[in-house]
Amino acid sequence: MEYDFDKVEDRHNTNSVKWDFNKSKFGEENIIPMWIADMDFKVPEIVIEAIKKRADHGVFGYTAPKESYYNSVINWMDKHHNFKVEKQWICPAPAVVPALYWIVQSYTEKGDKVIIQPPVYHRFKGAIEDNQRIVVENPLKLVDGRYYMDFDDLEKKIDSKVKLLFLCSPHNPVGRVWTKEELKRLGEICLKNNIIVVADEIHSDLVFQGYKHVAFPNAGEGFANNTIICTAPTKTFNIAGLQVCNIIIPNKSLREEFLHTLKINAMGDLNTFGMVALEAAYNEGESWYSEVLKYIQDNFNFLNNYLKEHLPKIKVIKAEATYLAWVDFTALGMTDEELRDFLLKNAKVAFNDGYIFGKTGQGFQRVNLACSRSILKEALVRITNAISNAGKNI
Ligand SMILES: Cc1ncc(COP(=O)(O)O)c(C=O)c1O
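J.: I tried to follow the site of the ligand on my own but got confused; where do I start?
T.: What surrounds the ligand is the set Ala37, Ala95, Val96, Val97, Tyr121, Cys168, Asn172, Asp200, Ile202, His203 and Lys235. The separation between an oxygen atom of the ligand and a polar main-chain atom of valine 97 is 2.9 Å. In this structure, an oxygen atom belonging to the ligand sits 3.1 Å away from a side-chain N or O atom of lysine 235. Protein burial of the ligand: of its 400 Å² of free accessible surface, 90% is covered by the chains. Taken atom by atom, the bulk of the ligand overlaps the largest pocket. Its residues placed into classes, the shell around the ligand shows seven nonpolar, two polar and two charged.

Now the structure itself:
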């Protein structure tokens, strides 16, 4: 191993949302935070060097992406996902969440409907409802410990008001890597019903051994023309604070509508350091990336084995991607509020409550495993002790 992910980086006093704001968010300070989706790991040295070099220049006026930026994106997408991207398709933006809001504004009117597949990344719902559009839920089905799309339910929910479907691929929080067949069936239903697919593929690089992410445009005939693909190096390389992502829109008229929305919202220039970091990471971050992925996968195995041995009734859904474990705490027999309080106050750990991802997330917690193993271990020991102190026999 070239990188030491066991080393605990002290993130306190870095304006870290995960480490510096727990008192205001949870009312608790001395907790282990394993909630918001960033990593506790230091980024590749090559990225740090590139940022330092740019910082040393000392002039930070307005900046814009050059040819080399676009080439870095094009090469990464081709190499990792066999997704052949043309330069003009790429719309750089500061982050995926604001882009989701702009996407809703671009392709729907107030009162239109947008489909989501809960339990799913909670900001999807916000992007729809904050814009006075209507959320239509097509819940995933949990069958023998694995989540699946429910196509029959999807077809029943479609009417002429449905304009978009938000696809999370791979899926946060349930960790599924959708197969080509699943994506094909989904895409065909959407094509037939004139529904644009918004494929949020921000987690697509974080796919575990044995699984393969299929870029949505590659899943079926005509899909590229009907898809907005959201990509970013921010989850993969832990650079969310640098604000950089790319919304890829192959269809010219859809792209023009999106760019028009950026224009009328006066979307500003990109962050200088975000662009520098993207190029360094995509061009030279390969060895860090493959090692971090392995470390995260090992954390999943650690979590799984620990729970089997010490808390066998708490089940973790087998993850195929992402660093977010989806853990079923229903065996504790608590309401969501009780579970949240118990984890925060008794165990002193903070996860994301499952219900924020949708009703079917009740009783679950989303646990961020992008941390050093000693932190993960400490969190699990705290939970075990809290359960035992509460006299619960599980
Ligand atoms: C599916 C998904 N989309 C978007 C985001 C956030 O992206 P950004 O930081 O670029 O807004 C996350 C973060 O957890 C996510 O899981």
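J.: Would you mind showing me how to read the nonpolar core here?
T.: Nonpolar side chains tend toward joint burial in soluble globular proteins. Core analysis: the largest hydrophobic core is formed by 74 residues, its most contacted members being Met34, Met39, Leu307 and Val327. Those elements that provide at least two residues to this core are helix 3 (45-57), helix 4 (67-81), helix 11 (272-284), helix 12 (286-310), strand 12 (324-328), helix 13 (336-346) and helix 14 (373-389). The element contributing the most residues to this core is helix 12, with ten residues. Discounting residues that sit within four places of it in the chain, leucine 307 has contacts with Pro312, Ile314, Val316, Val327 and Leu380. In terms of nonpolar packing, the next biggest core, distinct from the first, is built from 34 residues, Trp102, Val120, Tyr121 and Ile247 among them.

J.: Honestly, the sheet that holds strand 8 (residues 196-200) in this entry has me stumped. Any pointers?
T.: Think of a sheet as strands paired side by side through backbone hydrogen bonds, with each pair either parallel or antiparallel. On the basis of which strands lie adjacent, the open sheet formed by seven strands has the order 2-10-9-8-7-3-4 and mixed pairing. This sheet does not close on itself; its edge strands, each paired only once, are strand 2 (90-93) and strand 4 (134-137). Strand-to-strand twist of the sheet, defined as the mean angle between neighbouring strand axes without regard to direction, takes the value 25°. Seen against the sheet, helix 10 (residues 252-264) touches strand 2, strand 8, strand 9 (227-231) and strand 10 (245-248) and runs at an angle of roughly 20° to strand 2.

Cut-off values and rules
Residues numbered from 1 in each chain as written. Predicted model: local features only at pLDDT ≥ 70, side-chain atom pairs only at ≥ 80, totals over all residues. Heavy atoms only, no water. Near = heavy atom within 4 Å. Polar contact = N/O pair within 3.5 Å; in protein donor to acceptor, adjacent residues only side chain to side chain. Areas by Shrake-Rupley, 256 points an atom, 1.4 Å probe, with all protein chains shown as cover. 1 Å grid on protein atoms, 1.4 Å probe; cavity = no way out; pocket = protein on both sides within 12 Å on 5 of 7 lines; lining within 4 Å. Sits in = over half its atoms within 2 Å of the grid points. Nonpolar A, V, L, I, M, F, W, Y, C, P; charged D, E, K, R; others polar. Core = buried A, V, L, I, M, F, W, Y, C linked by side-chain atoms within 4.5 Å. Buried < 20%, exposed > 50% of the residue type's maximum accessible area, 1.4 Å probe, protein only. Helix = DSSP H or I, 4+ residues; strand = E, 2+ residues; numbered from the N terminus. Contact = heavy atoms within 4.5 Å. Pairing = 2+ DSSP bridges. Axes fitted to C-alpha atoms, helices over the stretch in contact; angles between N-to-C directions.

Note that all results are geometric; they support no functional claim without further evidence.
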